[in-house]
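Spelled out from the first residue to the last, the chains are:
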Amino acid sequence: MGMNGSVLAIDAGNSKTDVALIGEDGSVLSTARGGGFQPPVVGIGTAVDVLGAAVEQVLDAAGADAGSVAHVSACLANADLPVEEEQLTEALYARGWGRTVEVRNDTFAILRAGADEPRGVAVVCGAGINCVGMVPDGRTARFPAIGRISGDWGGGSGLSEEAMWFASRAEDGRGEPTELARTLPAHFGLASMYSLIEALHLGRIAPERRHELSPVLFATAAAGDAVSRGLVDRLAEEVVALSSVALSRLGLLGEETPVVLGGSVLAAGHPQLDDRITELLAVRAPKAVARVMRESPVLGAGLLGLDHTGAAPRVHARLRAQYV
């Protein structure tokens, strides 16, 4: 089996890593799943060790040697700035997994998995929110996506925080009434926002459970609560602001272009959110074609790898067929 055009595809998120070894004919030779990729928390070396464990599994399973792979296509969470991509590229080259290495932010994997060619825009809304765009000549559009300090609004954790803010003020009288003052504490079996604030502050409810409040916000909106509906509309506006700016930077506003929506919040099928995104896109980017990404992001990392090696369209098609 020739490894000359082989691709090691890595899609590493905050909570899990998927790795696939792809032969030069586009067949998936082996796959593995590993832990989350969090360089800001554990440092680059330790984070790359997590990838290494999964990479060793796929190489062993396919009977391939490290270094026999032509190209490593790594789409990594927390690779938000070009300087971070450069550091991670160096770290991956040092492992000697492949002759060439390309590191991109993990949002690019979602874009490439959801588009027929390396052209379009993706918005991902999971715990955080991010947007990238690309065109075949290699130009990209992106945002720092560090959080509030880089102008971001939304994402599951941001929405949970906003919901808490409105609910707290509703309960104590500083703000307008909202059903969130009842539904948020009820999710944890508590009777009041005061109890929920206390439980979070004293650590009786683990901080990582806050993101559970985002689905509660959507359910409260669906039941007709005005404040909740306002937050859902604002998220739709944010998704459309990100995508229309990215389309405009790449000169794609005038032509039919996919806008791929990914991440747990956008894949959940909230009717109000989906309808509002469609309405606003029709105004700001009428030629954009929105679709929710259902494919595995590691497919996107693999397709980007095949773009890099110059593989034929039938090779791309063969890879995609294995992920349908």
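Scroll up for the structure.
Residues numbered from 1 in each chain as written. Predicted model: local features only at pLDDT ≥ 70, side-chain atom pairs only at ≥ 80, totals over all residues. Heavy atoms only, no water.

Time to look at the layout of surface pockets. Which parts of space are left empty comes out when a probe the size of a water molecule is rolled across the atoms. Volume-wise, the largest pocket comes out at about 1,500 Å³. Taken together, 45 residues line the largest pocket, and the ones lying closest to its centre are Asn14, Gly126, Ala127, Gly128 and Ile129. Secondary structure elements with two or more residues in the lining of the largest pocket: strand 1 (7–12), helix 4 (107–114), strand 7 (129–134), helix 5 (155–172) and helix 8 (213–222). In terms of residue class, the lining of the largest pocket is made up of 16 nonpolar, 21 polar and 8 charged. Its volume calculated, the second largest pocket comes out at about 310 Å³. Lining the second largest pocket are 15 residues, and of these Ser157, Ser160, Glu161, Pro207 and Arg210 lie nearest its centre. Those elements that place two or more of their residues in the lining of the second largest pocket are helix 5 and helix 7 (193–201). By residue number, the principal contributor to the lining of the second largest pocket is helix 5, which donates 7 residues. Of the residues assigned to the lining of the second largest pocket, the class counts are 7 nonpolar, 5 polar and 3 charged. (1 Å grid on protein atoms, 1.4 Å probe; cavity = no way out; pocket = protein on both sides within 12 Å on 5 of 7 lines; lining within 4 Å. Points joined across faces, edges and corners; volume = space filled by probe spheres on them. Helix = DSSP H or I, 4+ residues; strand = E, 2+ residues; numbered from the N terminus. Nonpolar A, V, L, I, M, F, W, Y, C, P; charged D, E, K, R; others polar.)

Phi is positive for asparagine 78, which is not a glycine, with a value near 70 degrees. Mapped onto the elements, asparagine 78 comes out in the loop between strand 4 (69–76) and helix 3 (82–95). In this structure, alanine 145 is a non-glycine residue whose phi angle is positive, near 50 degrees. Within the fold, alanine 145 resides in the loop between strand 8 (140–142) and helix 5.

Moving on, we come to the environment of methionine 3. Residue placement: methionine 3 occurs in the segment before strand 1. For methionine 3, a relative accessible area of 11% corresponds to the buried category. Measuring from C-alpha to C-alpha, the distance between methionine 3 and glycine 114 comes to 26 Å, with 111 residues separating the pair along the chain. Not counting residues up to four positions away in its chain, the partners in contact with methionine 3 are Leu21, Glu24, Leu29, Ala64, Ser68, Val69, Ala70 and Arg99. (Buried < 20%, exposed > 50% of the residue type's maximum accessible area, 1.4 Å probe, protein only. Contact = heavy atoms within 4.5 Å.)

Further remarks concern the nonpolar core. Membership of the largest hydrophobic core comes to 50 residues, with the highest contact counts inside it found for Leu184, Leu235, Leu273 and Ile277. In terms of residues, this core owes the most to one element, helix 9 (residues 226–249), which gives 10 residues. When sequence neighbours within four positions are dropped, the list of residues in contact with leucine 235 reads Cys125, Ile129, Trp153, Gly154, Gly155, Leu159, Phe218, Val265 and Leu273. One finds Leu8, Ala32, Ala47 and Leu88 within the second-largest nonpolar core, a separate group that totals 27 residues. (Core = buried A, V, L, I, M, F, W, Y, C linked by side-chain atoms within 4.5 Å.)

A few words on helix 11 (residues 297–309). In a regular helix each residue adds 1.5 Å, so 13 residues correspond to 18 Å; helix 11 covers 19 Å between its end C-alpha atoms and thus fits that length. For helix 11, the tally of buried residues reaches 10 of 13 residues, placing the bulk of the element in the interior. Taken residue by residue, helix 11 has Pro297, Val298, Leu299, Gly300, Ala301, Gly302, Leu303, Leu304, Gly305 and Leu306 as its buried positions. Within two residues after helix 11, glycine 310 carries a phi angle of roughly 75 degrees, on the positive side. (Expected span 1.5 Å × (residues − 1).)

Throughout the structure, instances matching the rule amount to 17 salt bridges. Here glutamate 212 makes a salt bridge to arginine 209, at a shortest N to O gap of 2.8 Å. Judged by relative accessible area, arginine 209 falls into the partly exposed class, the value being 34%. Several salt bridges share partner residues, and in doing so they unite Lys16, Asp18 and Arg33 into one network. (Salt bridge = Lys/Arg side-chain N within 4 Å of Asp/Glu carboxyl O.)

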